[in-house]
Amino acid sequence: MTFDLIIALTTLAVGVVLVLPRVAHFTLWRAVVTPLASIIGSGFLLLGPVLSHAFGGFAPWVMGGLCVVAYMFGGVIRSNIATGEDAIITGQHGTLAKRIETISSWALAFAYIISVSYYLNLLGAFALSMTPFDSRFDAKLLTTGVFILIVLIGCTNGFKSLERMEYFSVAIKLAIIAGLVIGLIVNFGDQAIHETLIFNPETVTGWPAITMALGLLITVQGFETSRYLGAVYDAQTRIRSMRIAQWLSTLIYVVYIVLIAYVFRPDQMSMTETGIINMMQIVAPILPFLLVAAALASQLSAAIADTSGSGGLFTELSRNRISEPQAYFILAVIGIALTWAADIFAIVNYASRGFAIYYGLQSGLAAVIAIKQKSGLPKVIWYLALATLGAAIAVFGQTIE
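Cut-offs applied
Residues numbered from 1 in each chain as written. Predicted model: local features only at pLDDT ≥ 70, side-chain atom pairs only at ≥ 80, totals over all residues. Heavy atoms only, no water. Core = buried A, V, L, I, M, F, W, Y, C linked by side-chain atoms within 4.5 Å. Buried < 20%, exposed > 50% of the residue type's maximum accessible area, 1.4 Å probe, protein only. Contact = heavy atoms within 4.5 Å. Salt bridge = Lys/Arg side-chain N within 4 Å of Asp/Glu carboxyl O. Helix = DSSP H or I, 4+ residues; strand = E, 2+ residues; numbered from the N terminus. Polar contact = N/O pair within 3.5 Å; in protein donor to acceptor, adjacent residues only side chain to side chain. Phe/Tyr/Trp six-rings, centres within 6.5 Å; stacked < 30°, edge-to-face > 60°.

Draft legend 1. Structural view of the nonpolar core. Among the nonpolar cores identified, the biggest contains 119 residues, and Leu 51, Phe 55, Met 63, Tyr 118, Tyr 253, Tyr 256 and Met 280 are the most heavily contacted of them. Among residues more than four places away in sequence, those in contact with Phe 55 are Val 62, Glu 202, Val 204, Ala 209, Met 212 and Ala 213.

Right under this line is the structure:
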């Protein structure tokens, strides 16, 4: 009971701090929150059991590797922000750069569609996880219903009112993560004192391990949202805030995986989309309830943000030939089809491939601009290497078995 109280008080204290006007209206923090919330949202729910089960005691190293790859791609996005989006769109860097930007925007629009399906399938699973209706069929039914609801909200321009709640949903999620980490630290310390920490063997090795890790890129994705906040923040603020968001998310993720990887036996790990709930029940009774609350708050807000972003991109790229309501309808049809045709881990893989294509194209764009600006051969080679890595992830990334 005391342990649960400590976790609850930590969650409450962090939540109160985050909603204080001085914090909530601090410009740099507001700019950090959007990419930070995207990066550590859904991945936080999946990565613990998945990495620990597959890579055992080496899970923190794999997590670190994923964050490094994400940071490298983040560097590409930051470079393109510094270049100036208007200069790219208006063709100041040449026709090729403009075409690559257009193609990558289409890739991002479709990646958003898959990511919305990913978010809402997680929402469906977590929403029913502690009810008598905890089955994949019922979760898919709920996900389908939420898809339809989002389309109706979008078509009635209801996103505007929901977007005002975004910061509060982010604050709730970050506060719950703080409470979760405190709970895991206490649990880890207790096991360390009693010398009961475990170094589990990996269950996936070699090339399959590499391709599986590549297929998890979506779980550390989200930093690119900084690029599309130009109407609110200047370029330097977006570049700085993206760096801070990636540093913070890397610290949180690596600490989180360390606290999980060495305390749970393989038979205590569940390789399902809600497996983290079963693991947290062992740590403290309050944690499963907090995780469900975090899932509901974060997945719905993330789905709305990506639905809105996708609709806007489709309308812009089609030069208004596709209206936003039509784009929402397309998104819902594809998302519902994915929901019933694939499981959550397959959708994670599809989303990872979609974003890998986008990052690869953005890397190619950065290389073209570097050539145009005569930035030097090493920089051009670096960007081309990242473009190749993006293509490799899209081709070789595999679904978690």
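Draft legend 2. Just the pattern of salt bridges, in detail. Throughout the structure, instances matching the rule amount to one salt bridge. We note a salt bridge from Glu 101 to Arg 227, for which the minimum N-O separation is 3.2 Å. On the criterion of sequence distance, the pair formed by Glu 101 in helix α7 (residues 95-128) and Arg 227 in the loop between α11 (206-214) and α12 (235-261) is long-range, its members being 126 residues apart. Here Glu 101 and Arg 227 have matching classes, each one buried.

Draft legend 3. Spotlight on the side chain of Ser 52. By the secondary structure assignment, Ser 52 is in helix α4 (residues 42-55). At a separation of 2.8 Å, a polar atom in the side chain of Ser 52 contacts the main-chain carbonyl oxygen of Gly 48. Not counting residues up to four positions away in its chain, the partners in contact with Ser 52 are Leu 47, Ala 59, Ile 260, Ala 261 and Met 269.

Draft legend 4. Just unusual backbone geometry, in detail. Residues other than glycine seldom take positive phi values, yet Arg 319 does so here, at roughly 55°. Mapped onto the fold, Arg 319 is located in the loop between α14 (286-317) and α15 (324-341). We note that Lys 374 has phi near 55°; this positive angle belongs to a residue other than glycine. As for its position among the elements, Lys 374 is in the loop between α16 (344-372) and α17 (377-396).

Draft legend 5. Focus on the environment of Glu 202. Relative to the assigned elements, Glu 202 resides in the loop between α10 (166-193) and α11. Judged by relative accessible area, which is 33%, Glu 202 ranks as partly exposed. The residues contacting Glu 202, other than those within four sequence positions of it, are Ala 54, Phe 55, Gly 56 and Phe 58.

Draft legend 6. A look at the packing of aromatic side chains. All told, the structure shown has 13 aromatic pairs when counted by the stated rule. Judged by centre distance (6.0 Å) and plane angle (25°), the rings of Phe 199 and Tyr 262 are stacked. One end of the pair, Phe 199, is in the loop between α10 and α11; the other, Tyr 262, is in the loop between α12 and α13 (275-283), and 63 residues separate them in sequence. Among the residues examined, Tyr 262 registers a relative accessible area of 16% and is labelled buried. Look at Phe 355 and Tyr 359: their rings are 6.3 Å apart centre to centre, the planes differ by 35°, and that puts the pair in the tilted class. Of this pair, Phe 355 and Tyr 359 are both found in helix α16, four residues apart, which corresponds to roughly one turn of the helix. For the pair Phe 355 and Tyr 359, a shared accessibility class is recorded, and that class is buried.

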